[in-house]
Amino acid sequence: MKEKFLKILLNPKYIFGVYLIISVVTAISKYFRGDYAINNYLIFKNVFFNTIHQKNLFIHYPNLYFDLNHYGVFFSALIAPFAMMPDWLGISLWNIANTFIFIYGIYKLPFSDAKKAIFGLLCLQEYITAALSLQFNVALTGLLLLSAVYIYERKEVKSVTAILVGVFVKIYGIVGLTQFFFIKNKTKFILSGIGIAILFFVLPMVYSSPSFVIQCYSDWFQSIVEKNNENQVLGNMQDISLMGFVRRILGDASISNLVFLGFGLPLFVLPYIRIKQYKHYAFQLMILASTLLFLVLFSSSSESPTYIIAVVGVLLWFFLQKERTPLIIGLLVFVIIFTCFSTSDLFPKFVKENYIIKYSLKAVPCIVIWLRVTYELLTKDFEKNYSLN
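Residues numbered from 1 in each chain as written. Predicted model: local features only at pLDDT ≥ 70, side-chain atom pairs only at ≥ 80, totals over all residues. Heavy atoms only, no water.

## Let's talk about the pattern of salt bridges
Stage number 1. The tally for this structure, following the rule as stated, stands at 8 salt bridges.
Stage number 2. Between Glu 153 and Lys 155 there is a salt bridge, with the nearest N and O atoms lying 3.3 Å from each other.
Stage number 3. Connected through salt bridges with shared partners, the residues Lys 108, Glu 153 and Lys 155 form a single ionic network. (Salt bridge = Lys/Arg side-chain N within 4 Å of Asp/Glu carboxyl O.)

In C-alpha cells form, the structure reads like this:
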C-alpha cells in the first residue's frame, strides 16, 4: 500500500492531473459563489469586446466590472475564444489553459520524473492562490520556464514566441531575455522575434483598426505608470516585494523604486561576468531562478497571486542543489511556511492583517533566497556543485 502511494506521489502525471482538476474546481466554485475573482475574468473577456468596439481598454466600466485592465491589446486575441463562451465554461477553460502551460513548463524541465512530481507538490499551495484569482500569472510562469528550456534545446522560434506572448500581454515576459546570452543562434532568435512581434502587433488590427491599436499602446504605457504610483501605498494588497517590505518597515511610501533598482539591478546582472559558466545548463537555470525572484521582488505590482512566479524560482534553486544541507532544506521550509502559507488559514487573521500584509512579510523568505541565489551564481562551480538528475 505504501509503495503504491509513493508510486502515485512521485509520478508527475498524477500530480499534473491534480492541477487540472483543481483548475476546474476553483473556477467553478468562484463562478457559483460570485467571488471577487470573477471580476478579473470579466475584465479579461471585455478586453476582447472593447477591442472589437474600439473602446478604451484602460478606463473604468463600472456597469461591467470594478477595477482597471492592465493587459495589452494583444491579450484580446488570446482571451477571444473564452470570452465568446458562457462565463461558467469560459472561466473553467481559461483556468485549464493557464494551468496546462504552467505544468507543461515544469514537465519540460531537465529533472527526473520524481523531482518534477515533488516540484509540483511543493508549489501547489502557491498555484492554488494564483488559480483562485483567475489571473495570467500561472501561464506567464510556464512561458518563462519554456522560454529558457527552448533556448537550451536550440528551438529559438519557440523560445522567442513564449517570451513575446508574455511581453505583449503583461510586459513582464521581457525578463525572458535574460537568457539571451545563452542562445547559440542569436540571428535566428532576433529575426524570428521581429517577425513574431510584428504579427502580434498587427493581429488585433484585423478586428479593430490600426489607429485604435496604436492608441492602445500609448494608453497602456500611461496605465502602467499610474498603477505603479497607486501601488506605493503602505498596507495595501500590492507592493508585496522587497521594495514594499522596506517601505513599510520604515513607514515611508515615498522611497522611489529607483533607489532599490540602483542596487538590485547591478547585483542581478553581475553573475553574467562568469562567461565560462554559460555552457552549464544548471547555471542557465539558476539565472532563470534569479530572474523569477527578481521579477517579483522588484515590482510594486507584486501581490499574493504573483508569488507563483517567485516560488517556482525558489524550487528551481532547490532542485539544482547536488547536496541539500540542513541550511538548504531550512530555507525551503522557511519559504513554504512564510511565503506559500502566510496568506492561508494556517495563520490567524489577526497575524495576517497586522503583520503579514501590513509589512509585506510574504516577500521576506524570497528575499533571502534571491540573495543566496546571487551568491551561488557569483561563487560556485556549476559543473561540480549542481545536478540535473
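## Focus on the packing of aromatic side chains
Stage number 1. Inspection of the entire model under this criterion finds 47 aromatic pairs.
Stage number 2. Of the aromatic side chains, those joined through ring pairs into one cluster are Phe 180, Phe 181, Phe 182, Phe 189, Tyr 272, Tyr 278, Phe 283, Phe 382 and Tyr 386.
Stage number 3. In this structure, Lys 116 packs its charged tip against the face of Tyr 107, placed 4.8 Å from the ring centre.
Stage number 4. Over the ring of Phe 318 we find Arg 324, and its NZ or CZ is 5.1 Å from the ring centre. (Phe/Tyr/Trp six-rings, centres within 6.5 Å; stacked < 30°, edge-to-face > 60°. Lys NZ or Arg CZ within 6 Å of the ring centre and 35° of its normal.)

## Remarks on the packing of helix α7 (residues 124–132) against helix α15 (residues 307–320)
Stage number 1. At a closest axis distance of 9 Å, the pairing of α7 and α15 adopts a crossing angle of 160 degrees. Viewed along their axes, α7 and α15 adopt a mutual orientation that is roughly antiparallel. With respect to the hand of their crossing, α7 and α15 are arranged in left-handed fashion. Together, Glu 126, Tyr 127 and Ala 130 of α7 and Tyr 307, Ile 308 and Val 311 of α15 make up the contact between the two elements.
Stage number 2. In terms of residue class, the contact of α7 with α15 is made up of 5 nonpolar, no polar and 1 charged. (Axes fitted to C-alpha atoms, helices over the stretch in contact; angles between N-to-C directions. Helix = DSSP H or I, 4+ residues; strand = E, 2+ residues; numbered from the N terminus. Parallel < 35°, antiparallel > 145°, perpendicular 65-115°, else oblique. Left-handed = near helix turned anticlockwise from the far one by under 90°. Contact = heavy atoms within 4.5 Å. Nonpolar A, V, L, I, M, F, W, Y, C, P; charged D, E, K, R; others polar.)

## Considering the packing of α15 against helix α16 (residues 326–340)
Stage number 1. At a minimum axis distance of 11 Å, the contact between α15 and α16 shows a crossing angle of 170 degrees. The angle between the axes of α15 and α16 places the two elements in the roughly antiparallel class. Crossing handedness for the pair α15 and α16: left-handed. The residues of α16 that touch α15, namely those facing Tyr 307, Val 311, Val 314, Leu 315, Trp 317 and Phe 318, are Ile 328, Ile 329, Leu 331, Leu 332, Val 335, Thr 339 and Cys 340.
Stage number 2. Of the residues in the contact of α15 with α16, the class split is 12 nonpolar, 1 polar and no charged.

## Digging into a nonpolar patch on the surface
Stage number 1. There is a patch of nonpolar side chains on the surface, built from Ile 190, Leu 191, Ile 194, Ile 198 and Val 202 and spanning about 450 Å² of accessible area.
Stage number 2. When you line up the elements, Ile 198 lands in helix α10 (residues 186–202). (Patch = residues over 30% accessible without salt bridge, like charges linked within 9 Å, V, L, I, M, F, W, Y side chains within 5 Å. Areas by Shrake-Rupley, 256 points an atom, 1.4 Å probe, with all protein chains shown as cover.)

## Observations concerning the side chain of Asn 257
Stage number 1. Here Asn 257 is to be found in helix α13 (residues 257–269).
Stage number 2. Taking relative accessible area as the criterion, Asn 257 reaches 12% and is therefore assigned buried. (Buried < 20%, exposed > 50% of the residue type's maximum accessible area, 1.4 Å probe, protein only.)

## Structural notes on the environment of Leu 361
Stage number 1. Here Leu 361 shows up in the loop between α17 (349–356) and α18 (364–379).
Stage number 2. Considered as a pair, Leu 361 and Ile 240 are 121 residues apart in the sequence and their alpha carbons are 7.7 Å apart.
Stage number 3. Setting aside anything within four residues of it in sequence, one finds Leu 361 in contact with Phe 245, Phe 338, Tyr 355 and Ile 356.

## Quick notes on helix α11 (residues 210–231)
Stage number 1. Relative to the 32 Å expected for 22 residues at 1.5 Å per residue, α11 spans 32 Å between its end C-alpha atoms, a close match to the ideal helical length.
Stage number 2. Of all the residues in α11, the buried ones are Phe 212, Val 213, Cys 216, Asp 219, Trp 220, Ser 223, Lys 227 and Asn 231. Looking straight down α11, one finds its buried side chains confined to an arc of 125 degrees; they lie on one side. Turned more than 90 degrees away from the buried face of α11 sit Ser 211, Ile 214, Phe 221 and Asn 229, all of them exposed. (Expected span 1.5 Å × (residues − 1). Arc of directions from axis to C-beta.)

As far as function goes, none of this settles anything; it's purely spatial.
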